[in-house]
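Here's the letter readout for the chains.
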Amino acid sequence: MRILVASHTYIVDLNREKLRELARLEPNLEVMVVVPKRWKPGGVQKKLVESQPINEGNFRVVPVSNFSKNQQGLLTFGLDLFGVLKEFKPDIIQVEQGAKSLGYAQFITYNRLLNLNAKNVFFTWWNLPYEVKFPLSVLERYNLNHTDGVVVGNQDGAAILRDHGYKGAMTVLPQLGVDEQLFCPQNVLDLREELGIPPQEFVVGFVGRFVEEKGLMTLAKALQGLGDRPWRWLLLGRGPLREPLETWAKEQGLADKLTFVESVPHDQVSRYINLLDTLLLPSETTYRFKTLSSVGWKEQFGHVLIEAMACRVPVIGSDSGEIPHVIGESGLVFPEGDADRLRDCLLKLMENPELAGELAQRGYHRALAEYTNRAIAQKQLGFYQELLAHR
(Lines give C-alpha, C1' and ligand atoms only; values in the text may rest on other atoms or scores of the structure.)
Protein backbone atom coordinates (compact mmCIF):
# COMPACT_ATOMS: atom_id res chain seq x y z
CA MET A 1 0.00 0.00 0.00
CA ARG A 2 1.31 3.42 -0.96
CA ILE A 3 0.12 6.27 1.29
CA LEU A 4 0.64 9.95 0.56
CA VAL A 5 -0.03 12.48 3.34
CA ALA A 6 0.14 16.23 2.66
CA SER A 7 0.28 18.92 5.34
CA HIS A 8 2.33 21.89 6.49
CA THR A 9 2.22 20.28 9.97
CA TYR A 10 4.91 17.80 8.94
CA ILE A 11 7.51 20.43 8.18
CA VAL A 12 8.40 19.85 11.86
CA ASP A 13 10.24 16.53 12.15
CA LEU A 14 8.86 15.89 15.64
CA ASN A 15 5.35 15.79 14.15
CA ARG A 16 6.27 13.01 11.70
CA GLU A 17 6.67 10.21 14.25
CA LYS A 18 3.15 8.84 13.75
CA LEU A 19 3.79 8.56 10.01
CA ARG A 20 7.15 6.89 10.60
CA GLU A 21 5.36 4.37 12.81
CA LEU A 22 2.80 3.89 10.04
CA ALA A 23 5.58 3.01 7.58
CA ARG A 24 6.96 0.43 10.03
CA LEU A 25 3.70 -1.45 10.57
CA GLU A 26 3.95 -3.69 7.50
CA PRO A 27 6.83 -4.42 5.09
CA ASN A 28 4.76 -3.54 1.98
CA LEU A 29 3.83 -0.03 3.20
CA GLU A 30 5.32 3.07 1.61
CA VAL A 31 4.60 6.46 3.16
CA MET A 32 5.33 9.71 1.36
CA VAL A 33 4.85 13.02 3.20
CA VAL A 34 4.35 16.06 0.97
CA VAL A 35 5.19 19.35 2.67
CA PRO A 36 5.39 22.94 1.40
CA LYS A 37 8.86 23.83 0.18
CA ARG A 38 8.65 27.14 2.02
CA TRP A 39 6.45 27.93 5.01
CA LYS A 40 6.27 30.76 7.51
CA PRO A 41 4.52 29.80 10.78
CA GLY A 42 2.16 32.27 12.47
CA GLY A 43 3.59 35.47 13.94
CA VAL A 44 5.53 38.31 12.37
CA GLN A 45 8.70 37.32 14.20
CA LYS A 46 8.75 33.79 12.79
CA LYS A 47 11.31 32.92 10.14
CA LEU A 48 10.59 31.33 6.79
CA VAL A 49 11.16 27.56 6.97
CA GLU A 50 12.89 25.87 4.06
CA SER A 51 11.86 22.19 3.95
CA GLN A 52 14.43 19.51 3.20
CA PRO A 53 13.83 16.14 1.51
CA ILE A 54 14.24 12.97 3.57
CA ASN A 55 14.54 9.40 2.31
CA GLU A 56 14.40 6.64 4.92
CA GLY A 57 13.49 3.81 2.60
CA ASN A 58 9.74 3.27 2.84
CA PHE A 59 9.30 6.64 4.58
CA ARG A 60 9.98 9.80 2.58
CA VAL A 61 9.46 13.54 2.99
CA VAL A 62 9.11 15.42 -0.30
CA PRO A 63 9.05 19.25 -0.33
CA VAL A 64 6.88 20.63 -3.15
CA SER A 65 6.73 24.22 -4.37
CA ASN A 66 3.76 26.07 -2.92
CA PHE A 67 1.59 29.17 -3.09
CA SER A 68 0.64 30.92 0.17
CA LYS A 69 3.31 30.46 2.77
CA ASN A 70 1.32 30.94 5.97
CA GLN A 71 -2.39 30.39 5.28
CA GLN A 72 -3.50 26.78 5.65
CA GLY A 73 -6.81 27.19 3.82
CA LEU A 74 -5.14 28.89 0.83
CA LEU A 75 -2.16 26.54 0.62
CA THR A 76 -1.81 25.04 -2.87
CA PHE A 77 1.11 23.42 -4.65
CA GLY A 78 3.07 23.99 -7.86
CA LEU A 79 3.05 21.84 -10.98
CA ASP A 80 5.83 19.65 -9.55
CA LEU A 81 3.09 18.01 -7.44
CA PHE A 82 1.74 16.51 -10.66
CA GLY A 83 5.02 14.71 -11.26
CA VAL A 84 5.25 13.50 -7.66
CA LEU A 85 1.81 11.92 -7.87
CA LYS A 86 2.46 10.41 -11.29
CA GLU A 87 5.66 8.73 -10.08
CA PHE A 88 4.47 7.58 -6.63
CA LYS A 89 1.00 6.37 -7.71
CA PRO A 90 -0.53 6.41 -4.22
CA ASP A 91 -3.39 4.17 -3.13
CA ILE A 92 -4.37 6.66 -0.41
CA ILE A 93 -4.12 10.46 -0.56
CA GLN A 94 -4.71 12.21 2.75
CA VAL A 95 -4.66 16.03 2.79
CA GLU A 96 -4.77 17.62 6.23
CA GLN A 97 -6.27 21.02 5.46
CA GLY A 98 -10.00 20.57 6.06
CA ALA A 99 -13.13 20.31 3.92
CA LYS A 100 -12.98 23.77 2.36
CA SER A 101 -9.32 23.86 1.33
CA LEU A 102 -8.06 24.61 -2.16
CA GLY A 103 -5.15 22.24 -1.65
CA TYR A 104 -7.45 19.28 -1.10
CA ALA A 105 -9.41 20.15 -4.25
CA GLN A 106 -6.10 20.26 -6.12
CA PHE A 107 -5.16 16.73 -5.00
CA ILE A 108 -8.62 15.43 -5.90
CA THR A 109 -8.38 16.96 -9.38
CA TYR A 110 -4.86 15.62 -10.04
CA ASN A 111 -5.96 12.20 -8.81
CA ARG A 112 -8.75 12.22 -11.42
CA LEU A 113 -6.61 13.63 -14.26
CA LEU A 114 -3.94 10.98 -13.73
CA ASN A 115 -6.49 8.15 -13.31
CA LEU A 116 -4.73 7.08 -10.11
CA ASN A 117 -7.95 5.79 -8.50
CA ALA A 118 -6.49 6.64 -5.12
CA LYS A 119 -8.86 7.02 -2.19
CA ASN A 120 -9.28 10.69 -1.25
CA VAL A 121 -9.10 11.38 2.49
CA PHE A 122 -8.88 14.61 4.44
CA PHE A 123 -8.17 15.41 8.08
CA THR A 124 -9.76 18.24 10.03
CA TRP A 125 -9.73 19.60 13.58
CA TRP A 126 -12.60 22.04 12.93
CA ASN A 127 -15.18 21.65 15.73
CA LEU A 128 -17.37 24.77 15.51
CA PRO A 129 -20.66 24.95 13.58
CA TYR A 130 -20.42 26.95 10.37
CA GLU A 131 -22.35 27.89 7.24
CA VAL A 132 -20.85 28.46 3.82
CA LYS A 133 -22.04 30.55 0.88
CA PHE A 134 -20.92 30.82 -2.71
CA PRO A 135 -18.14 30.33 -3.77
CA LEU A 136 -16.92 28.38 -0.71
CA SER A 137 -20.07 26.26 -0.81
CA VAL A 138 -19.09 25.04 -4.30
CA LEU A 139 -15.57 24.21 -3.15
CA GLU A 140 -16.79 22.33 -0.08
CA ARG A 141 -19.38 20.40 -2.08
CA TYR A 142 -16.77 19.40 -4.68
CA ASN A 143 -14.43 18.21 -1.96
CA LEU A 144 -17.06 16.28 0.02
CA ASN A 145 -18.53 14.68 -3.12
CA HIS A 146 -15.10 13.28 -4.02
CA THR A 147 -14.11 12.20 -0.50
CA ASP A 148 -13.80 8.51 0.28
CA GLY A 149 -12.98 8.91 3.96
CA VAL A 150 -12.44 11.51 6.66
CA VAL A 151 -10.18 11.46 9.70
CA VAL A 152 -11.56 13.92 12.26
CA GLY A 153 -9.68 15.03 15.34
CA ASN A 154 -12.75 15.18 17.59
CA GLN A 155 -16.37 14.08 17.99
CA ASP A 156 -17.82 17.56 17.42
CA GLY A 157 -16.03 17.83 14.08
CA ALA A 158 -17.52 14.50 12.98
CA ALA A 159 -21.05 15.66 13.84
CA ILE A 160 -20.55 18.94 11.96
CA LEU A 161 -19.46 17.14 8.78
CA ARG A 162 -22.55 14.93 8.98
CA ASP A 163 -24.64 18.09 9.27
CA HIS A 164 -22.98 19.34 6.08
CA GLY A 165 -24.14 16.28 4.22
CA TYR A 166 -21.10 14.01 4.31
CA LYS A 167 -22.32 10.40 4.50
CA GLY A 168 -19.12 8.47 3.81
CA ALA A 169 -16.58 6.65 5.94
CA MET A 170 -15.22 8.50 8.95
CA THR A 171 -12.99 7.85 11.94
CA VAL A 172 -12.09 10.03 14.94
CA LEU A 173 -8.34 10.14 15.61
CA PRO A 174 -5.96 12.86 16.78
CA GLN A 175 -3.44 14.18 14.28
CA LEU A 176 -0.46 13.57 16.57
CA GLY A 177 0.26 10.95 19.20
CA VAL A 178 2.37 10.98 22.34
CA ASP A 179 5.97 9.77 22.49
CA GLU A 180 5.84 7.21 25.30
CA GLN A 181 9.63 7.01 25.42
CA LEU A 182 9.84 10.69 26.33
CA PHE A 183 6.58 11.15 28.23
CA CYS A 184 6.84 8.46 30.87
CA PRO A 185 7.00 8.28 34.70
CA GLN A 186 10.22 9.80 36.04
CA ASN A 187 11.75 10.64 39.40
CA VAL A 188 12.16 14.43 39.44
CA LEU A 189 12.87 15.18 43.10
CA ASP A 190 15.87 17.23 41.99
CA LEU A 191 13.64 19.50 39.93
CA ARG A 192 11.26 19.96 42.85
CA GLU A 193 14.19 21.06 45.02
CA GLU A 194 15.49 23.30 42.24
CA LEU A 195 12.13 25.10 42.06
CA GLY A 196 11.91 25.36 45.85
CA ILE A 197 8.66 23.40 46.20
CA PRO A 198 8.33 21.78 49.68
CA PRO A 199 7.46 18.05 49.77
CA GLN A 200 4.13 18.66 51.52
CA GLU A 201 2.73 20.95 48.82
CA PHE A 202 0.20 19.51 46.39
CA VAL A 203 1.36 20.67 42.96
CA VAL A 204 -1.36 21.68 40.50
CA GLY A 205 -0.02 22.12 36.98
CA PHE A 206 -0.98 23.87 33.79
CA VAL A 207 1.00 23.57 30.55
CA GLY A 208 0.10 25.75 27.58
CA ARG A 209 -0.79 29.28 26.53
CA PHE A 210 -1.75 31.78 29.23
CA VAL A 211 -4.96 33.01 27.57
CA GLU A 212 -8.51 33.46 28.83
CA GLU A 213 -10.02 30.59 26.85
CA LYS A 214 -7.81 28.13 28.72
CA GLY A 215 -9.84 28.82 31.88
CA LEU A 216 -6.96 30.01 34.04
CA MET A 217 -9.04 32.54 35.98
CA THR A 218 -11.56 29.82 36.84
CA LEU A 219 -8.70 27.69 38.11
CA ALA A 220 -7.42 30.66 40.12
CA LYS A 221 -10.81 31.02 41.84
CA ALA A 222 -10.91 27.30 42.58
CA LEU A 223 -7.45 27.36 44.17
CA GLN A 224 -8.30 30.47 46.15
CA GLY A 225 -10.99 28.51 47.99
CA LEU A 226 -8.72 25.70 49.20
CA GLY A 227 -8.15 27.46 52.52
CA ASP A 228 -4.96 26.70 54.38
CA ARG A 229 -4.24 23.42 52.60
CA PRO A 230 -0.68 23.32 51.22
CA TRP A 231 -0.66 23.70 47.43
CA ARG A 232 1.43 25.15 44.64
CA TRP A 233 0.36 26.21 41.15
CA LEU A 234 3.00 25.53 38.51
CA LEU A 235 2.37 27.26 35.17
CA LEU A 236 4.58 26.21 32.27
CA GLY A 237 4.30 28.38 29.17
CA ARG A 238 3.70 32.01 28.33
CA GLY A 239 0.96 34.39 27.21
CA PRO A 240 -0.83 37.69 27.88
CA LEU A 241 -2.64 36.43 30.99
CA ARG A 242 0.55 36.11 33.02
CA GLU A 243 0.48 39.69 34.31
CA PRO A 244 -3.22 39.55 35.38
CA LEU A 245 -2.50 36.27 37.18
CA GLU A 246 0.44 37.76 39.00
CA THR A 247 -1.69 40.77 39.98
CA TRP A 248 -4.47 38.48 41.22
CA ALA A 249 -2.01 36.44 43.28
CA LYS A 250 -0.57 39.56 44.95
CA GLU A 251 -4.05 40.92 45.74
CA GLN A 252 -5.06 37.62 47.32
CA GLY A 253 -1.80 37.21 49.22
CA LEU A 254 -0.97 34.11 47.19
CA ALA A 255 2.07 35.30 45.27
CA ASP A 256 4.25 32.63 46.90
CA LYS A 257 1.84 29.94 45.69
CA LEU A 258 2.51 30.51 41.98
CA THR A 259 5.56 29.29 40.10
CA PHE A 260 5.93 30.43 36.50
CA VAL A 261 8.26 28.61 34.16
CA GLU A 262 8.89 30.03 30.68
CA SER A 263 8.54 27.63 27.77
CA VAL A 264 11.20 24.92 27.90
CA PRO A 265 12.53 22.59 25.16
CA HIS A 266 10.05 19.87 24.23
CA ASP A 267 12.28 17.12 25.59
CA GLN A 268 12.19 18.78 29.02
CA VAL A 269 8.42 19.25 29.31
CA SER A 270 7.96 15.70 30.61
CA ARG A 271 10.15 16.47 33.64
CA TYR A 272 7.85 19.28 34.70
CA ILE A 273 4.74 17.18 34.13
CA ASN A 274 6.20 14.45 36.33
CA LEU A 275 6.54 17.03 39.06
CA LEU A 276 2.77 17.49 39.26
CA ASP A 277 0.23 15.89 41.56
CA THR A 278 -2.38 16.70 38.94
CA LEU A 279 -2.47 18.39 35.54
CA LEU A 280 -5.39 20.73 34.80
CA LEU A 281 -6.91 21.70 31.47
CA PRO A 282 -9.84 23.98 32.43
CA SER A 283 -10.59 25.19 28.89
CA GLU A 284 -13.66 27.36 28.23
CA THR A 285 -15.65 27.56 24.99
CA THR A 286 -15.87 31.09 23.60
CA TYR A 287 -17.51 30.78 20.20
CA ARG A 288 -20.46 32.76 18.86
CA PHE A 289 -22.28 31.36 15.84
CA LYS A 290 -22.63 33.85 12.99
CA THR A 291 -24.20 33.62 9.55
CA LEU A 292 -21.10 32.73 7.55
CA SER A 293 -18.75 31.35 10.15
CA SER A 294 -18.10 30.68 13.80
CA VAL A 295 -16.15 33.19 15.83
CA GLY A 296 -14.29 31.87 18.84
CA TRP A 297 -12.85 28.61 20.02
CA LYS A 298 -13.42 25.42 21.96
CA GLU A 299 -10.95 22.72 22.87
CA GLN A 300 -10.17 20.58 19.83
CA PHE A 301 -8.31 17.84 21.70
CA GLY A 302 -5.95 18.79 24.54
CA HIS A 303 -2.67 17.07 23.68
CA VAL A 304 -1.14 17.89 27.05
CA LEU A 305 -3.71 15.56 28.65
CA ILE A 306 -2.31 12.48 26.94
CA GLU A 307 1.23 13.62 27.76
CA ALA A 308 0.31 13.77 31.46
CA MET A 309 -1.53 10.46 31.30
CA ALA A 310 1.55 8.83 29.75
CA CYS A 311 3.57 10.21 32.69
CA ARG A 312 1.10 8.56 35.11
CA VAL A 313 -0.12 11.94 36.38
CA PRO A 314 -3.87 12.21 37.18
CA VAL A 315 -5.71 14.73 35.03
CA ILE A 316 -8.64 17.07 35.53
CA GLY A 317 -10.36 18.76 32.59
CA SER A 318 -13.40 20.83 31.81
CA ASP A 319 -16.15 19.56 29.53
CA SER A 320 -15.15 21.90 26.70
CA GLY A 321 -14.96 20.25 23.29
CA GLU A 322 -13.07 16.98 23.08
CA ILE A 323 -11.67 16.95 26.65
CA PRO A 324 -14.23 14.51 28.16
CA HIS A 325 -13.68 12.07 25.29
CA VAL A 326 -9.91 12.20 25.72
CA ILE A 327 -10.07 11.65 29.47
CA GLY A 328 -12.84 9.04 29.47
CA GLU A 329 -12.95 7.25 32.83
CA SER A 330 -9.29 7.99 33.48
CA GLY A 331 -9.62 11.37 35.18
CA LEU A 332 -12.06 13.95 36.52
CA VAL A 333 -14.24 16.25 34.40
CA PHE A 334 -16.10 19.36 35.60
CA PRO A 335 -18.48 21.84 33.88
CA GLU A 336 -16.44 24.53 32.16
CA GLY A 337 -16.28 27.82 34.04
CA ASP A 338 -17.50 26.27 37.31
CA ALA A 339 -14.85 27.08 39.93
CA ASP A 340 -16.76 25.34 42.74
CA ARG A 341 -16.98 22.04 40.85
CA LEU A 342 -13.33 22.34 39.87
CA ARG A 343 -12.42 22.86 43.53
CA ASP A 344 -14.36 19.71 44.40
CA CYS A 345 -12.26 17.77 41.89
CA LEU A 346 -9.05 19.12 43.40
CA LEU A 347 -10.17 18.23 46.91
CA LYS A 348 -11.00 14.68 45.83
CA LEU A 349 -7.41 14.17 44.71
CA MET A 350 -5.84 16.06 47.63
CA GLU A 351 -7.81 14.18 50.25
CA ASN A 352 -7.86 10.76 48.61
CA PRO A 353 -4.39 9.65 47.46
CA GLU A 354 -5.75 6.20 46.60
CA LEU A 355 -8.18 7.72 44.10
CA ALA A 356 -5.41 9.86 42.66
CA GLY A 357 -3.22 6.79 42.23
CA GLU A 358 -6.03 4.79 40.62
CA LEU A 359 -6.82 7.55 38.12
CA ALA A 360 -3.14 7.98 37.34
CA GLN A 361 -2.84 4.28 36.56
CA ARG A 362 -5.99 4.29 34.44
CA GLY A 363 -4.74 7.29 32.47
CA TYR A 364 -1.37 5.65 31.94
CA HIS A 365 -2.90 2.51 30.46
CA ARG A 366 -5.32 4.56 28.35
CA ALA A 367 -2.50 6.66 26.91
CA LEU A 368 -0.43 3.62 25.98
CA ALA A 369 -3.39 1.76 24.49
CA GLU A 370 -5.03 4.63 22.61
CA TYR A 371 -2.74 7.59 22.09
CA THR A 372 0.84 6.61 21.29
CA ASN A 373 2.04 7.32 17.76
CA ARG A 374 2.03 3.59 17.04
CA ALA A 375 -1.48 3.06 18.41
CA ILE A 376 -2.85 5.90 16.28
CA ALA A 377 -0.91 4.69 13.23
CA GLN A 378 -2.43 1.21 13.61
CA LYS A 379 -5.95 2.64 13.74
CA GLN A 380 -5.25 4.87 10.75
CA LEU A 381 -3.94 1.91 8.75
CA GLY A 382 -7.06 -0.09 9.65
CA PHE A 383 -9.19 2.76 8.32
CA TYR A 384 -7.22 2.86 5.06
CA GLN A 385 -7.58 -0.90 4.65
CA GLU A 386 -11.36 -0.60 5.05
CA LEU A 387 -11.46 2.07 2.35
CA LEU A 388 -9.40 0.01 -0.09
CA ALA A 389 -11.55 -3.05 0.53
CA HIS A 390 -14.41 -1.20 -1.20
CA ARG A 391 -12.48 -0.38 -4.37
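Up top is the structure these notes are about.
Here is a short report on the structure shown in this document.

Rules used in this analysis
- Residues numbered from 1 in each chain as written.
- Predicted model: local features only at pLDDT ≥ 70, side-chain atom pairs only at ≥ 80, totals over all residues.
- Heavy atoms only, no water.
- Helix = DSSP H or I, 4+ residues; strand = E, 2+ residues; numbered from the N terminus.
- Buried < 20%, exposed > 50% of the residue type's maximum accessible area, 1.4 Å probe, protein only.
- Pairing = 2+ DSSP bridges.
- Axes fitted to C-alpha atoms, helices over the stretch in contact; angles between N-to-C directions.
- Contact = heavy atoms within 4.5 Å.
- Arc of directions from axis to C-beta.
- Phe/Tyr/Trp six-rings, centres within 6.5 Å; stacked < 30°, edge-to-face > 60°.

Right, let's talk about the environment of threonine 76 for a bit. By the element assignment, threonine 76 lies in strand β8 (residues 76–77). Taking relative accessible area as the criterion, threonine 76 reaches 16% and is therefore assigned buried. In sequence terms threonine 76 and glutamine 106 are 30 residues apart; their C-alpha atoms lie 7.2 Å from each other.

Our focus in this paragraph is the sheet that holds strand β13 (residues 202–209). As summarised here, the arrangement of the 6 strands in space is β15-β14-β13-β16-β19-β20, forming an open sheet in which the pairing is parallel. Among the strands making up the open sheet, the edge pair consists of β15 (258–261) and β20 (332–334). Across the sheet, the mean angle from the axis of one strand to that of its neighbour is 20°, orientation sign disregarded. Looking at chain direction, strand β19 (residues 315–318) and β20 are connected through 3 bridges and run parallel. Paired with serine 318 across the two strands is phenylalanine 334, which belongs to β20. Relative to strand β16 (residues 278–281), helix α10 (residues 303–310) is tilted by about 170°, and along the sheet it contacts β13, β16 and β19.

Burial of α10 is extensive: 7 of the 8 residues sit out of reach of the surface. Restricting attention to buried positions, one finds in α10 the residues Val304, Leu305, Ile306, Glu307, Ala308, Met309 and Ala310. At its buried positions, α10 is contacted by β13, α9 (266–274), β16, β19, α11 (323–327) and α13 (353–371). Phi turns positive, to about 60°, at arginine 312, one or two residues after α10.

On to helix α8 (residues 242–251). When we look at burial in α8, the residues that qualify are Leu245, Trp248 and Ala249. Buried residues of α8, viewed axially, fall in a sector of 100°; they line one side. Across from the buried face of α8, at angles greater than 90 degrees, the exposed residues are Glu243, Lys250 and Glu251. Packing partners of the buried residues in α8 comprise α7 (216–224), β14 (231–238) and β15.

Here the focus is the packing of aromatic side chains. In the structure shown here, the tally under the stated rule is 9 aromatic pairs. Here phenylalanine 77 and phenylalanine 107 contribute two aromatic rings whose centre-to-centre distance is 5.9 Å and whose plane-to-plane angle is 80°, an arrangement assigned as edge-to-face. Highlighted residues: phenylalanine 77 in strand β8 and phenylalanine 107 in helix α3 (residues 102–113), separated in sequence by 30 residues. Residue phenylalanine 77 is classed as buried on the basis of its relative accessible area, which comes to 3%. On the basis of relative accessibility, which here comes to 0%, the residue phenylalanine 107 falls in the buried class.

That is the geometry; function is a separate question.
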